[in-house]
Amino acid sequence: MATAAATATATDPFSSSSIFNQSSSRLPDDTVFYAIFPDASLSSGNTADVLSYLQSLHLQIITTISAFTSDYIWQHQPFTLSLSSLHKSSCFCSSHLPHLHGKLRFGDNLEDEWFTVFLLFHISKSFPSLSIRVWDTDGEFLLIEAAFHIPRWINPENSLNRVFIRNGSLHIVPKIRLRDPNLIDSLKFLVDFDQESRASESVQLAVKKKISDYPGRAERNMHRVRVRVPLSVAQVLKHEPCLISLAVEGFYDRDIDTMKFAAKMEKFFRRGREEELVYVSVKMSKAMFAQLMQQSFQAPKCYPMPSRTNASLYTEAELGMKIACGFEMIYQLRRQEGSEGKGRTWEAFRESLENSGYFKGLLPGSKEYGRLMQNAEEYYRNSQLSSRASEMMSAPVRRIDEILASPCSAEDFRDQEVPPSDNDSWLYNGDDELNAALLERQKEMEICNSKFKKKQNSKEDQVGPSSSCSMDESDLGDISKSMQEFVKNVSSYQGVEVPDNREPEDVNIDVDRFIKEMESVMNYHASIETSSDADNEDEASSDLDFDESEDDESDGATVANNVDGENTFMESYSDALNEELKSSTLKKSFYRATGEASQKDEGTSKAADHMEEDFTPVDVDVNLVKSLLDSFSSQEGLPGPASNLLGLMGLKLPRDADKGK
């Protein structure tokens, strides 16, 4: 299976594996892909029966969604579906499973992408035995929309073949059941364990909230504007309103070469200033209207423009001029490229059926062959009607020529009433909508963070008695013990251990130098341990005091010179350090074992106090706890080194609410 997938990726830029490769530059950034897999395709039935079922399903789906798409103006291309058989190698979804698939370029109009998602959810509700995938060059963008609610284990690296739409809900194949699923395994899992794969309610709400306003939102996304255009343009828009998207595309994506066509206007303004201009109402998406309005464009010399004194009339004429120039540029460009007239023909369709084994090897003229041929002809006629808009937008030249070849008069448009343009205040007040969306997203982030903190707190409350909510109930001795265990068991020459999901960097070490350094340290500590065994009473002296007698009694048979040198240095260093610290208050910042008792003894002389303080050992545990508590208190409830360190040891301290009182 892996080999087949690799082969498909190498030969097909639209294969499912390459879709999730973010480094792939062959996929357009403004296109959404979708695939519909019926449960029947998973069974190893007859190829002809499966294809026949897909053809019937195709027509049923187109009929179901036609009520939503019939009047919708798409940015670049309409929602379409096509069949993919077992032998079709150019499929961008799967070359091993018969299904329906399609892709839609939405360009700058994201509404087209989410309207497509709405249609797919509607299809899944109407046909419960379907599993649907939808993705774009960002990957599983439905998961991105529900990023604050999806399981923490799922990420772009392991989401392939896991996310589907089924029976009106979003499904995520769990990792615990299928660790690295292929497409067929995931589809079978959806059929057998439908409820187990269904995403949580919070994920469902996050995704469905985005499409809850459709299909009403699709209609509100349309903008009607009154424009003055040449008669030829009005005639084309009257018969094929969807071609306005091509005109806007031609205008918006113009370059130096296509602008030469607009300068001449040979097709849509052939009679020059004698060409009749009429008023019409044009429906387009808000994105198209913005693309026309927000770009300045000088009218061709042959195109008449009214005076700027009347702003509304000039705007209507300017929009009409941009639409006419857009039609001219896209028409001449497509004609030059020779892309017209290359739509799907019956012969090509029949040949594809033969290659896929639809006719089962039957001889032409037989009764069964005639029945299959009749079904294929009926499907072809119906599918041609459903894909008519797509054919026009991919090859518009022939259709435009057909329309302009029919007789037409300007009187046909002058007699009809043209409504005024829709309110375009939304074009200039988009900040409010953007701010509302940002605030909504910010609120969603805050709720997610709040839930995460509550979850973390509930886990930390179960650690032990040291995580109680009162300082009086906290066992401060646990901090010292935990720190010792932390240093003893967790630390190593590589540093503190990190979680399993992080890969530590490789350690480069000079082995010879490491051994020499270890031998030096071992010899040094051996001498210290020997001297400690000889005189246990001096063991309780201050960490900064060094007795010369310990140096004299040390066993230096093999390393006498090194030890003597080091001890001499340490003596000098200690004396200099003590002398430097005398004038500071650093030593007073340490708590000593009997420090409090000596402070309460007021009758003791200053000299005795000084001597007692010099020989009183520092209480390491008390100083450790005090330092950690001071650091934790200075954080004032915010993240910091003390809380992070205590958290690694499984300890939690309550917030000091009485600080400063």
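Numbers given to residues run from 1 along each chain, matching the order in which its sequence is written. Where totals are concerned, whole chains, interfaces and linings use all residues; where local detail is concerned, this predicted model gives features only for residues with pLDDT of at least 70, and gives and counts side-chain atom pairs only at 80 or more. Hydrogens and water molecules were not included; the side-chain quantities draw on all heavy atoms of the structure.

Asks: Explain the overall build of the chain here, please?
Replies: Here a helix means four or more residues in a row that DSSP labels H or I, a strand means two or more in a row labelled E, and each is numbered from the N terminus. Regarding its fold elements, the chain presents 28 helices and 8 strands. Counting only residues that meet the buried cut, the chain has 38% of its 661 residues in that class. When checking whether two residues touch, look at their non-hydrogen atoms; a contact exists if any pair is within 4.5 Å. For the chain, the proportion of contacts with a sequence separation of at least 24, taken over those separated by at least 6, is 75%. Accessible area of the chain: about 38400 Å², with a carbon and sulfur share of 51%. Relative accessibility decides the category of a residue: with a 1.4 Å probe and only protein chains considered, values under 20% of the type maximum give buried, values over 50% give exposed, and everything between is partly exposed. Under the convention used here, a 1.4 Å probe and the Shrake-Rupley method define accessible areas, while residue burial counts only the protein chains that appear.

Asks: What is the right way to look at the nonpolar core in this model?
Replies: If you look at soluble globular proteins, the nonpolar side chains tend to sit buried side by side. Residues grouped as a nonpolar core are buried Ala, Val, Leu, Ile, Met, Phe, Trp, Tyr and Cys residues, joined through side-chain atoms within 4.5 Å. Judged by nonpolar contacts, the single largest core of 94 residues is most densely connected at Phe79 and Ile123. In terms of residues, this core owes the most to one element, helix H14 (residues 311-337), which gives 9 residues. An automatic or database domain assignment supplies the residue ranges for each domain. Two domains share this core, each providing at least three of its residues, namely domain 1 (31-212) and domain 2 (221-340 + 406-427). In this structure, Phe79 is in contact with Tyr34, Ile65, Trp74, Leu104, Thr116, Leu119, Leu120 and Ile123, ignoring residues within four places of it in sequence. Within the second largest apolar cluster, 11 residues are counted, among which are Phe33, Leu97, Phe164 and Leu190.

Asks: How do you make sense of the pattern of salt bridges when you look at a structure like this?
Replies: Think of it this way: side chains of opposite charge can pair up when their charged atoms draw near. Any Lys or Arg side-chain nitrogen found within 4 Å of a carboxyl oxygen on Asp or Glu counts as a salt bridge. One pass over the full model with this rule turns up 15 salt bridges. Its salt-bridge partner being Arg217, residue Glu111 comes within 2.8 Å of it at the nearest N-O pair. With Glu111 in helix H4 (residues 110-126) and Arg217 in helix H9 (residues 216-220), this pair connects stretches of sequence that are 106 residues apart. Judged by its relative accessible area of 17%, Glu111 falls in the buried class.

Asks: Please explain the confidence of the model for the chain as it appears in this structure.
Replies: Interpretation of the predicted coordinates at a detailed level should be avoided for regions scoring low in pLDDT. Across the chain, each position has a pLDDT score giving the predictor's confidence in that residue, from 0 to 100. Summary statistics for the chain give a mean pLDDT of 75 and a share of 65% for residues scoring 70 or more. Note on residues 339-344: pLDDT is under 50 here. Beyond four places in sequence and across chains, it has 16 contacts. Confidence drops under a pLDDT of 50 for residues 595-608, and excluding neighbours within four residues, the segment shows 2 contacts in the predicted structure.

Asks: Is there a simple way to explain unusual backbone geometry in this structure?
Replies: In terms of backbone geometry, most residues other than glycine have negative phi values and most peptide bonds are trans. Going from Tyr214 to Pro215, the amide bond is cis rather than trans, its omega being 5°. Structurally, Pro215 can be placed in the loop between helix H8 (201-211) and H9. With phi around 65°, Asn161 is a residue other than glycine that occupies positive phi space. The topology assignment puts Asn161 in the loop between helix H5 (141-145) and strand E5 (163-166). Given a relative accessible area of 9%, Asn161 falls into the buried group. In this model, Asn167 sits at a positive phi of 55°, which is unusual for a non-glycine residue. Within the secondary structure, Asn167 sits in the loop between E5 and strand E6 (169-172).

Asks: Can you help me understand the environment of Asn167 in this one?
Replies: Judged by relative accessible area, which is 42%, Asn167 ranks as partly exposed. Between the C-alpha atoms of Asn167 and Phe121, which are 46 residues apart in sequence, the distance is 7.8 Å. In this view, Asn167 contacts Ser124, Pro128 and Leu130; residues no more than four positions away in its chain are not counted.

Asks: Please explain the side chain of Ser41 as it appears in this structure.
Replies: Within the fold, Ser41 resides in the loop between strand E1 (31-38) and helix H3 (47-69). A distance of 2.6 Å separates a polar side-chain atom of Ser41 from the backbone oxygen of Pro38. N or O atoms within 3.5 Å of each other form a polar contact, as long as, within protein, one can give a hydrogen and the other can take it, and as long as residues adjacent in sequence are counted only when both atoms are side-chain atoms.

Asks: Explain H4 here, please?
Replies: Each turn of an α-helix holds 3.6 residues, which means side chains three or four residues apart point in the same direction. Here a helix's expected span is defined as the number of its residues, less one, multiplied by 1.5 Å. The end-to-end C-alpha separation of H4 is 25 Å, in line with the 24 Å expected for 17 residues at 1.5 Å each. Among the 17 residues in H4, 13 count as buried, and that is most of the element.

Asks: I would appreciate a short explanation of the packing of aromatic side chains in the present structure.
Replies: Each aromatic ring pair is described using two quantities: the centre-to-centre distance and the angle formed by the ring planes. Side-chain rings of Phe, Tyr and Trp, where Trp is taken by its six-membered ring, are said to pair if the distance between their centres is within 6.5 Å; with planes under 30 degrees apart they count as stacked, over 60 as edge-to-face, and otherwise as tilted. One pass over the full model with this rule turns up 16 aromatic pairs. Ring centres of Phe268 and Tyr331 lie 6.1 Å apart, and the angle between their planes is 90°; this geometry places the pair in the edge-to-face category. One end of the pair, Phe268, is in the loop between helix H12 (256-264) and strand E8 (277-285); the other, Tyr331, is in helix H14, and 63 residues separate them in sequence. An identical accessibility class is assigned to Phe268 and Tyr331; each is buried. Centroid distance Phe289 to Trp426: 5.9 Å. Interplanar angle 55°. Geometry classified as tilted. With a gap of 137 residues between them, Phe289 in helix H13 (residues 286-293) and Trp426 in the loop between helix H19 (411-414) and helix H20 (430-460) connect regions that are remote in the sequence. Chaining the aromatic ring pairs together yields one cluster made of Phe68, Tyr72, Trp74, Phe115, Phe118 and Tyr214. Charge over a ring is defined by NZ of Lys or CZ of Arg lying within 6 Å of the ring centre and within 35 degrees of the ring normal. The side chain of Arg133 reaches across the aromatic face of Trp135, ending 4.0 Å from its centre. When the ring centre of Phe251 is taken as reference, the NZ or CZ atom of Arg254 above it lies at 4.4 Å.

Asks: For this particular structure, what's the right way to read H8?
Replies: Restricting attention to buried positions, one finds in H8 the residues Val203, Gln204, Ala206, Val207 and Ile211. Buried residues of H8, viewed axially, fall in a sector of 165°; they line one side. Relative to its buried face, H8 has exposed residues pointing more than 90 degrees away, namely Leu205 and Lys209. Elements in contact with the buried residues of H8: H4, H5 and E6. Here, the arc refers to the directions that run from the helix axis to the C-beta atoms.

Asks: Got a minute to help me understand the pairing of strand E7 (residues 222-230) in this structure?
Replies: A regular strand places its side chains so that they alternate between the two faces of the sheet. With 7 of its 9 residues buried, E7 lies for the most part within the structure. Strands are treated as partners if at least two bridges between them are detected by DSSP. Pairing of E7 with E8 involves 9 bridges; the strand directions are antiparallel. Note that in E8 the partner of Arg228 across the bridge is Tyr279.

Asks: Would you mind showing me how to read the state of the cysteines here?
Replies: What makes a disulfide is a covalent bond joining the sulfur atoms belonging to two cysteines. Note on disulfides: each one is a pair of cysteine sulfur atoms within 2.5 Å. One pass over the full model with this rule turns up 0 disulfides. Cysteine Cys325 is unpaired, with the sulfur of Cys302 as its nearest cysteine sulfur at 7.8 Å. The class for Cys325 is buried, based on a relative accessible area of 0%.

Asks: Quick question: what am I supposed to make of the packing of H14 against helix H18 (residues 396-405) here?
Replies: Axis angle and axis distance: for two packed helices, these are the angle between their axes and the distance between the axes, and together they describe the pair. At a minimum axis separation of 9 Å, H14 and H18 run at an interaxial angle of 120°. Classified by the interaxial angle, the pair formed by H14 and H18 is oblique. Contact residues: Tyr331, Arg334 and Arg335 in H14; Pro396, Val397, Ile400 and Asp401 in H18. Across the contact of H14 with H18, the residue classes break down as 4 nonpolar, no polar and 3 charged. The axes are straight lines fitted to the C-alpha atoms, using for helices just the contacting stretch, and the angles between their N-to-C directions are given from 0 to 180°. Here roughly perpendicular refers to angles of 65 to 115 degrees, roughly parallel to angles under 35, roughly antiparallel to angles over 145, and oblique to all remaining angles. In this classification, Asp, Glu, Lys and Arg are treated as charged, Ala, Val, Leu, Ile, Met, Phe, Trp, Tyr, Cys and Pro as nonpolar, and every other residue, Gly included, as polar.

Asks: Just checking my understanding: could you explain the packing of H12 against H14 for this structure?
Replies: Where H12 contacts H14, the axes come no closer than 8 Å and their chain directions differ by 120°. Judged by the angle between their axes, H12 and H14 are oblique. Remark: the crossing between H12 and H14 carries right-handed chirality. Side by side, H12 and H14 meet where Thr258, Met259, Phe261 and Ala262 of the first sit next to Cys325, Glu328, Met329, Gln332, Leu333 and Gln336 of the second. For a crossing to be left-handed, the near helix must be turned anticlockwise from the far one by less than a right angle; the clockwise case is right-handed.

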